[in-house]
Structure formats: C-alpha cells, structure tokens
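# Geometric and topological summary
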Amino acid sequence: MSEEKHHIVSYRTHAFVLLALLVLTGISVAITQLEMGPMNTLAAMIIAGIKAAIVLAWFMHLKFESRFFAFMVSAVVVVFLLVLLVTFFDYSYR
Amino acid sequence: MTVHRDDLGDKMGMWLFIFTELLLFGMLFVVYAVYRSMHPEAFKLGGDELDVVMGTINTIILLISSMTVAMSISAMQKGNKKLALTLLTITLIIAVVFLVNKYFEWGAKFEYGFNPGAPELLELGHGTILFFGLYFIMTGIHALHILIGIALFIYVVWQIRKDKIHQTDYVWLENTGLYWHLVDLIWIFLFPLFYLIH
Amino acid sequence: MSEANNAHNVSYLEYKGQYKGLLAWIFSTDHKRIGLLYLYTMLFFFSVAAILGLLMKTQLIAPGYTIMGPQTYNSLFTLHGIIMIFVIVVPGLPAVFGNFFLPIMIGAKDVAFPKLNLLSWWFYIIGILIVLTSQFMGDGPPDTGWTFYAPYSFRTPTNVLPAVFGAFVMGFSSILTGINFVVTIHRMRAPGMTWFKMPLFPWTLYGTAWIQILATPVIGITLLLIVAERLMGIGIFDPALGGDPILYQHLFWIYSHPAVYIMILPAMGAISEIIPVFSRKTIFGYKAIVLSTLAIAFVGYFVWGHHMFTSGMSGRALYTFSFLTFLVAIPSAIKVFNWVSTMHKGSLQMQTPFYWAVSFIFVFMIGGLSGLVLGSLATNVHVHDTHFVVAHFHFIVFGGTGYAFMAALHYWFPKMFGRMYDMNWANLGWGIFFIGFNTLYLPMFYLGIMGMPRRYYDYLPDFHGGNIVSSLGAWVMVSGIVIIFANLIRSARHGEKTTEKNPWGGKTLEWQVDTPPTLENFEEIPTIEKGPYEFED
Ligand code: HEM
Ligand SMILES: [Cu+2]
C-alpha cells in the first residue's frame, strides 16, 4: 500500500561499493604505518569520513531516499562536531 | 482500529533511533579525544599493543557483511526470497565470527592484565589506564550492538521464512539493515582510532 | 463490533477493548489512555517529592538540628531532585498532554507508533521502580544530589547504582516518546495542515522531541560510565586513575542543559495555546514563536558550560559559554513579548486556566532574568552553588513548567474527563499557591546573595530571618496544592458532566471533537483550511 517508489540498487553497485570500502581500508592501514606525526590521525580520520559517507549514501540508501533524510543526518553530524568543538574550547586552553 | 501502514514513517523512526546511537557513541569519541589530547604518547603505546591484523580482518568482514545485508534488500525487492535468506545467513555468520575474534582479542588483553582494575595496568600510568578503559568500554558497547544485531537478524530470517516479510512489505528487513550499517559505521571510526595510532 | 462499543461513538473512557479493569489501562495503546497513565503516575510522585521538599524546608526553619541530621537531609534532596527532574518535569507536558492532544491537534487518530508509546510508559515505570529500590537496599539512600557528580558518586558507599541505572532506563522512555512525536508530526498531519498551520503546542513538542532524541543518549552513556566506574573502576572520571571529573560535568550538562529546554518548551507551547483563547485574539507573531522555539532548541545545545563556571574550565571556555548563554535568552524573551502583545487589547476571560497562564509569565520572567545574573561570569562566581541558584531554577522549572502544567490541566480537563471542575475552589487554590510560592522562593534570592550555600542541612544564624519566611511559605504553598489536587480529583470522579465540545471557545482541533473524545478521535479526518488561531471573523 506504500505509495513511494522504491529504488532497487543493483548487486553490481553493491559490489563496487564494497570494493571501494576495502581499498580505502587498505590505504588507511598503509598510510598509518608511515611516520607522519599528527598527519597520520588526520589522514585516518579523513578516510574514515569518506568510508562513512559511502556507507550512508549507498548501503543506507540516503542517496535514494527523500532529501530530508540526508538533511537530518547532516544536521546531527554538525551538532556533534559543534559539541566536540565547544568542549575543546575548554581543553585546548586550560 | 484500521491497520495503518507507513513504511517511510517507520524508516524515519529507525533513523531517529540511529541518531541516538550516533550521539551515544559520539560522546565516547569526545571522551576519547579529550584524553588522547592529554596523553598522546600513552595512547600511541596503547595502540601498539593492539593487534592490527586482527583489527583489519574484523574491519574487512564487517564491511562484507554490510554489503550482504544491503544486497539482501535488493534481493527481497526483486522477490528473490532464497537469495535474500542466503545473504542474511552469511551476514549472521560473519557477525558471530566478529564476536569470536573479539573474544580472543579481549582474552589476550586480559592475560596481559590490561583489563580495568588489573594490578599490572595500574602500574602503567594514567594515559594507559585511560586508553584501555576506553578500549574496553567502546569495543564492549560495540560488541553489545553486534549481539543485538544478531538477535534482529534471527528474527528477520524467521519472519521471511514465514512470509511475514515479503516483496511488498519488507520495512523490517530495511530497518534491521540500517541498524547493521550503523554498527559498521561506528567500527569504521573505532578501528583507526584504536588500532592504527602511530 | 456492536453499536454500543464502536470506536466512533463511545468515548475512550468507556470503550471496551481486549482487557478489563486496570489491565485495560496499563496495556492500552490508545494515546489518550497513555497520557492519563502518565498523569496519574506524575501526580502521585509529585506528591511524594513535594512532601520531601516540605520536610527539608521544615528542617531549615531554624539553624541546627530541627527534625533531621545531615545524612538524612542529603538523601532527601537527592531523592527530591531525582523525582522532580527525571520523573516529573522531563517527561512532563509531552508525556501527559503531548500524548493526549498531539494526535488530536494535528488531526490524527493516534501517534505513529502506538505500541512503542506504551512501551515508553513501561520503561518509565520500571525506571522509577529501580530508582526507588535505592532507598531501601543495603548501604542507604544515595546522597549525591540529582547531578551524580564525579568522583563522589563512585566514592560514596550509598546506593548510587540503582538510582543511576533507573535514570538510565527512564532515558529510553524519553527517547521513544521523542521518536514517536517527530514521526507523528512529519507523517500524520491532517490534509491541509501545512507546517505553518500547525498549532504552537505541537510545534514546541516537535522542538522538544528533537532535543529528547539528540540529548538523552548523552546522559545515557554518562550514567553508564558512572556504573562502569563503580563496578569496575574504569578510571574515566576518577582523578586517582588519570580521569577528569570536570569531563563528567561536561557530559552531564551537555544533556542536562538541553533537558531544561525539554522541560520548558512544551510549557511555552501550552501557554501559547491558552493565551489567545482567553484573549479572544490571534496569537501575536506566530512565526516568531515557531522560529524562536527552533532557535532555543538549537542554541540551547551549546550553553551547557554555564553550570560549570567555577569548576576550573579554561578562560576561553568561560567567555564562550557566557556569551552563548546570553544569546539563548533572546528567543525566550521574544516569546514573552508575544504573549503580552496577544493579550494587549484582547477581551480577557478571567478564568482559571488564564490565571495560571498569566502567573506563568510573571514567574517565568523572574526566573529568566535571574538566569542572566547567573549567566554573567562575575555575578555567577558570587552566587554559584548558593540559594540564589535554588531560587532561579525553582522559578523556572516549578514556576515555568509547573505553572504551565497546571494551566494546561485546567484548560484541557473538561475535554479529558468529560467533567468540569469547581472553578471557585480552583481559583482559591491558585491564589494560595501563588502567594505561597513567592513567599517560599523569593527570599532564597536574598539568602543566596548573602552567601547561604545550597545543599546543607544547617546555616549560620545570620540567615535565620529569611529562612523562617521561606519555610512558612512552603507550608502555605503546599496547602494550595492540596486544595488544587483535591478539587481536581473530586471533579474527575464526581464533577458536573459535560459533553460541551468547546467550553472555552478555542479554535484548535481538539475543541471540535467529542467530549470526551472517541477512541479514534475523529469520525472522519478533517481537512484544514484555516490557521489555528483565527478568532477575528
Ligand atoms: C534566560 C534563560 C536562562 C539562563 C540565562 C539560565 C542560566 C543558568 C545558569 C547560569 C545556571 C547555573 C547556576 C550555577 O550553578 O551557578 C542555571 C542553573 C539552572 N537552571 Fe537556568 N537559565 C535559564 C533558563 C532556565 C530554564 C528555562 C530552566 C528549566 C526549565 C532552567 C533550569 C535550571 C536548573 C534546573 C538549574 C540548576 C541546576 C543544578 O545545579 O542543579 N534554567 N541557569
Ligand atoms: Cu543551563
């Protein structure tokens, strides 16, 4: 009875997405074995962020869902990052 | 009362629940960030104690399981019940393997006395105590979510077999999938933050 | 289904479902019955906690030991705080009036997830029971205060564990209600009810629900960490193991400041419903109220540090939090202007709900302005942890949420019960309560400025005068409460029956359905063409 049309993601797409995720995992393992100081963490976090975005968009269907879902997710991420930032107003300047 | 069905509403409910989970783990990440900024060296040494190979294997299988759930939804949408069930069974097996790996990892840490309250750990200094405290709390709560995921998958498989979940009504499967991806999302961050610090 | 038991012509109170007697209530998924379940639970526990408060005030009527010693006093304010905050004002208006009226006001038959709704009441009750066990087990009732500050909360031998865990379980209740309301509002508004045709009470419930969803998990994990600390000595908040107790305060207030908006937003919503009806005028600045609601919900997330000005945060953090605190006061003030302008040149109806609403504005302003004193760094250092803070949050939480709750109860009572209360007794109760309330809390501002700290069973003789006044006020206020409750309870059972759909002349949907509403609220879902407060036509 549900009126909305459902987008069916093909098996191939899923396989490609997995491939991309595995490659990114490999890169982050490799990169963090190098000695780059704090850049290591930065790189690892950026890669993790990309992986998360991929999972959200394809596996969790955000790309195919109503725009509002993606908006909500971004809003939550922003709130979290702001909380982190404001917390560090304390810890960075103690 | 008239039965009222609203798949989009149900999915929205699931997303809202996922947000609560994200913030719950989010606060643990805040705690992690604070203590790591205070004890960068100890966190590095703590990270060296963790088994990168084991961590990588768990990351890989968890990603694969994320794909199998996602595929099972596609299979369900196409009406391929058998394939959907097979894919879900694979997911279930992977979930169990993940926990078995965790069991051995934790076991090794207990042997070395890295568990909270162990006298060996108390001698290692504040940074290390905090690192392993966080390690056990965060991977522990994550493992708890894997357990819940397993329970959900068993329920969903059962419902599919009874044809309660089928090609035109599969929001339970979708929502369970969403939950599983959340578990994966959290791991995507846990893995580098604990295993890959150098 | 027989004619006599039809979802369309039998009221929800008489409808016979699968179960009988008490079971027909505690297993009902009808949003209206669930609302009443919350109401009864809250009235009961409010009475308990009010008695605890009265005992504390009686102890404070003179310096030294009056009726109890320090340990008893400490466990009393702890239980008082836990009940009042987690059992009463946090679920507060959303759980009672939100459940009952949200679906009706937006033209729906129920909330989006009725079973989940019932589950959330069950979580609530189970949480309460767990908290209560802390009073009767092993090492004595907890004595930490409702804030459970580290490291004391895992050093004290008292039963902190069940109290913390009970609060954790109640958190699930709050989250599920939040999820339910957001989905209900998004998916179930009647045709034609666009976002900006939605009444203000649902709007504030919407903002509140988002805070419930995004803030409650924070307290969840924080309380779990305290549990881990107590059981395993994990060290996260334990300074002896390297942990930072101030981080506990951060996490605690990251939830608990937004939680004060969980308490006050729906209260503002209820007031925004009542004022126009009793002024016979459109609400002034509908959009300003909506936007300020959303602004409060958002900015309120980032001001938590104003509870920690003396804890030892960095200077930069102090300025930031103080600044943000001033920002968040603006949208609250906007609402006050809206209400006052609505009344301006209206034809005011002097009836009980209106008395409560107007007195709400009065006490809320005192509470809000004292909040600014606390939000400025220099003055906060002086009055932090004194009775000034106690006065502030009672004016806001009790004065704000409590008054609005009573306003809402007297406003919606005839619709909920199909009976009318005695207006004279109601007014008398209100009057005595209002006098008692101010006598009780106003002196606390003065005592605080003079330096009387909070959370002590004893005080210096200098403070005696103010305390006598305040303690007498407590007795007056409680007499008012007794009159109000007695009147309402009697009226709910024996009051004059009424089927009048719209006793106050309201324009929102709940005044167009039967009194009391039928099980499915509407025979046919209405189509909405007008805004919610169009009085002038
Ligand atoms: C104009 C807006 C407000 C401002 C500027 C404000 C400011 C403050 C500040 C700075 C404190 C901390 C005082 C201290 O411990 O030194 C405080 C405490 C408190 N406020 Fe507010 N507040 C405002 C509105 C509210 C509202 C709307 C509520 C609840 C509905 C509320 C409830 C509380 C509570 C419960 C406490 C005491 C917490 C405790 O220590 O136990 N406040 N307020
Ligand atoms: Cu606050």
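A few points on the structure. (Residues numbered from 1 in each chain as written. Chains lettered and ligands numbered in written order. Predicted model: local features only at pLDDT ≥ 70, side-chain atom pairs only at ≥ 80, totals over all residues. Heavy atoms only, no water.)

## A closer look at the overall build of chain B
Assigned secondary structure in chain B consists of seven helices and zero strands. Element order for chain B, N to C, with α for helix and β for strand: α-α-α-α-α-α-α. The burial tally for chain B puts 63% of its 198 residues in the buried class. Considering only contacts in chain B between residues 6 or more positions apart, those separated by 24 or more positions represent 82%. If you sum the accessible surface of chain B, you get close to 7200 Å²; carbon and sulfur atoms cover 68% of it. Taken together, the 12 basic and 16 acidic charged side chains of chain B have centroids lying 12 Å from each other. (Helix = DSSP H or I, 4+ residues; strand = E, 2+ residues; numbered from the N terminus. Buried < 20%, exposed > 50% of the residue type's maximum accessible area, 1.4 Å probe, protein only. Contact = heavy atoms within 4.5 Å. Areas by Shrake-Rupley, 256 points an atom, 1.4 Å probe, with all protein chains shown as cover. Lys, Arg positive; Asp, Glu negative; His and termini not counted. Charge placed at Lys NZ, Arg CZ, Asp CG, Glu CD.)

## What to know about the interface of chain C and chain A
On the chain A side, the residues contacting the 21 residues of chain C number 14 residues. For the pair chain C and chain A, the summed buried area comes to about 1500 Å², and 75% of that belongs to carbon and sulfur atoms. The largest contributions to the chain C side of the interface with chain A come from Phe302, Ser314 and Arg316 of chain C, which together make up 29% of the buried area. Counting the contacts that link chain C with chain A gives one salt bridge. The closest approach of N and O atoms between Asp244 of chain C and Arg94 of chain A, which form a salt bridge, is 3.6 Å. Where chain C touches chain A, the interface holds six residue pairs in polar contact (both at pLDDT 80 or more). (Buried area = accessible area lost by both parts, 1.4 Å probe. Salt bridge = Lys/Arg side-chain N within 4 Å of Asp/Glu carboxyl O. Polar contact = N/O pair within 3.5 Å; in protein donor to acceptor, adjacent residues only side chain to side chain.)

## A word on the coordination of the iron atom of ligand 1
The protein supplies the iron atom of ligand 1 with one donor atom, His392 of chain C (NE2), which lies at 2.2 Å. In this fold, His392 of chain C is placed in helix 14 (residues 387–417). (Donors = N, O, S within 2.8 Å, 3.2 Å for Na, K, Ca; no water.)

## Some details on the site of ligand 1
Residues and elements named next belong to chain C. In the vicinity of ligand 1 lie 22 residues, with His384, His392, Phe393, Ile396 and Arg454 positioned nearest. Within the side chain of His392, one N or O atom sits 2.8 Å away from a nitrogen atom of ligand 1. Of all the elements in the fold, those that place two or more residues in the shell around ligand 1 are helix 9 (245–279), helix 11 (315–343), helix 12 (352–375) and helix 14. Its residues placed into classes, the shell around ligand 1 shows 12 nonpolar, nine polar and one charged. (Near = heavy atom within 4 Å. Nonpolar A, V, L, I, M, F, W, Y, C, P; charged D, E, K, R; others polar.)

## Regarding the interface of chain A and chain B
The interface of chain A with chain B comprises 45 residues on the first partner and 49 residues on the second. Taken together, the two surfaces of chain A and chain B that pack against each other cover about 4300 Å², and 76% of this comes from carbon and sulfur. Here Glu65 of chain A ties to Lys11 of chain B by a salt bridge, and the two come within 3.0 Å at their closest N and O atoms. The tally of links from chain A across to chain B stands at six residue pairs in polar contact (both at pLDDT 80 or more). Of all the secondary-structure elements, those providing two or more residues to the side of chain A that touches chain B are helix 1 (11–33), helix 2 (38–59) and helix 3 (67–91) of chain A. Among the residues forming the side of chain A that touches chain B, the class breakdown is 28 nonpolar, 13 polar and four charged.

## A few points about the environment of Phe68 of chain A
Mapped onto the elements of the fold, Phe68 of chain A is located in helix 3. You can call Phe68 of chain A partly exposed: its relative accessible area is 26%. Contact partners of Phe68 of chain A, with chain neighbours within four places excluded, come to Met12 of chain B together with His186 and Tyr206 of chain C.

## Some thoughts on the environment of Lys335 of chain C
All names here are of chain C. Inspection of the secondary structure assignment puts Lys335 in helix 11. On the basis of relative accessible area, Lys335 is assigned to the buried category, the value being 0%. With 47 residues separating them along the chain, Lys335 and Ala288 place their C-alpha atoms 7.8 Å apart. At a separation of 3.5 Å, a polar atom in the side chain of Lys335 contacts the side chain of Ser292.

## Considering the packing of helix 2 (residues 31–59) of chain C against helix 14 of chain C
All names here are of chain C. Interhelical geometry of helix 2 versus helix 14 gives an angle of 135° and a closest axis separation of 13 Å. Our classification of the angle between helix 2 and helix 14 gives oblique. In terms of crossing hand, the pair formed by helix 2 and helix 14 is left-handed. Touching Leu36, Leu39, Tyr40, Met42 and Phe46 of helix 2 are Phe398, Phe405, Leu409, Met416 and Phe417, all from helix 14. (Axes fitted to C-alpha atoms, helices over the stretch in contact; angles between N-to-C directions. Parallel < 35°, antiparallel > 145°, perpendicular 65-115°, else oblique. Left-handed = near helix turned anticlockwise from the far one by under 90°.)

## Brief notes about the coordination of the copper ion (ligand 2)
All names here are of chain C. Coordination of the copper ion (ligand 2) by the protein involves His257 (ND1), His306 (NE2) and His307 (NE2), with metal-donor separations of 1.8 to 2.1 Å. Positions of the donor residues of the copper ion (ligand 2), expressed as sequence spacing, correspond to H-x48-H-H. If you look at the copper ion (ligand 2) and the iron atom of ligand 1, they sit 4.5 Å from each other. Of this pair, His257 sits in helix 9 while His307 is found in the loop between helix 10 (286–299) and helix 11, placing the two residues 50 residues apart along the sequence. Overall, His257 belongs to the buried group, its relative accessible area being 5%. A relative accessible area of 23% places His307 in the partly exposed class.

## So, the nonpolar core
Counting 297 residues, the largest nonpolar core has Phe97 and Met416 of chain C as its most contacted members. Those residues in contact with Met416 of chain C, other than ones at most four positions away along the chain, are Tyr12, Leu13, Leu36, Leu39, Val96, Phe97, Phe100, Phe101 and Pro516 of chain C. (Core = buried A, V, L, I, M, F, W, Y, C linked by side-chain atoms within 4.5 Å.)

## Quick word on the side chain of Thr401 of chain C
Structurally, Thr401 of chain C is set in helix 14. The class for Thr401 of chain C is buried, based on a relative accessible area of 3%.

## Concerning the pattern of salt bridges
Throughout the structure, instances matching the rule amount to 14 salt bridges over all chains. Between Asp7 of chain B and Arg5 of chain B there is a salt bridge; the shortest N-O distance is 2.7 Å. With relative accessibility at 4%, the residue Asp7 of chain B sits in the buried group. For Arg5 of chain B, a relative accessible area of 23% gives the class partly exposed. Among the charged side chains, a network of salt bridges with common partners joins Glu65 of chain A together with Lys11 and Glu174 of chain B.

## Points about helix 4 (residues 81–112) of chain B
If you check helix 4 of chain B, its first and last C-alpha atoms are 47 Å apart, about what 32 residues at 1.5 Å a residue would give, namely 46 Å. Just downstream of helix 4 of chain B, Gly113 of chain B is the residue with a positive phi angle, here 75°. (Expected span 1.5 Å × (residues − 1).)

## Comments concerning the side chain of Gln77 of chain B
Mapped onto the elements, Gln77 of chain B comes out in helix 3 (residues 52–77). Exposure remark for Gln77 of chain B: the relative accessible area of 7% places this residue in the buried category. Ignoring any residue separated from it by four or fewer positions in sequence, one finds Gln77 of chain B in contact with His6, His7, Ile8 and Val9 of chain A together with Gln167 and Tyr170 of chain B.

## Focus: unusual backbone geometry
Note the cis peptide between Ala150 of chain C and Pro151 of chain C, where omega equals -5°. Following the sequence through the fold, Pro151 of chain C ends up in the loop between helix 5 (114–136) and helix 6 (152–155). In this structure, Pro516 of chain C follows Thr515 of chain C across a cis peptide bond, with omega equal to -15°. Here Pro516 of chain C is to be found in the segment after strand 2 (496–497). Backbone geometry places His61 of chain A, a non-glycine residue, at a positive phi of 65°. One non-glycine residue with positive phi stands out, namely Asp163 of chain B, at about 60°. Position of Asp163 of chain B among the secondary structure elements: in the loop between helix 6 (126–161) and helix 7 (171–195).

## Notes on the packing of helix 1 of chain A against helix 2 of chain A
All names here are of chain A. Running from amino to carboxyl end, helix 1 crosses helix 2 at an angle of 170°, the nearest separation of the two axes being 9 Å. The angle between helix 1 and helix 2 places the two elements in the roughly antiparallel class. On the side of helix 1, the interface is formed by Thr13, His14, Val17, Leu18, Leu21, Leu24, Thr25, Ile27, Ser28, Ile31 and Thr32, while helix 2 contributes Asn40, Ala43, Ala44, Ile47, Ile50, Lys51, Ile54, Val55, Trp58 and Phe59. For the contact of helix 1 with helix 2, the class distribution of residues is 14 nonpolar, six polar and one charged.

## Remarks on the packing of aromatic side chains
All chains considered together, the criterion is met by 84 aromatic pairs over all chains. Here the guanidinium or amino end of Lys162 of chain B rests over the ring plane of Trp158 of chain B, the centre of that ring lying 4.4 Å away. (Phe/Tyr/Trp six-rings, centres within 6.5 Å; stacked < 30°, edge-to-face > 60°. Lys NZ or Arg CZ within 6 Å of the ring centre and 35° of its normal.)

Functional significance is not addressed by these values, which are geometric in nature.
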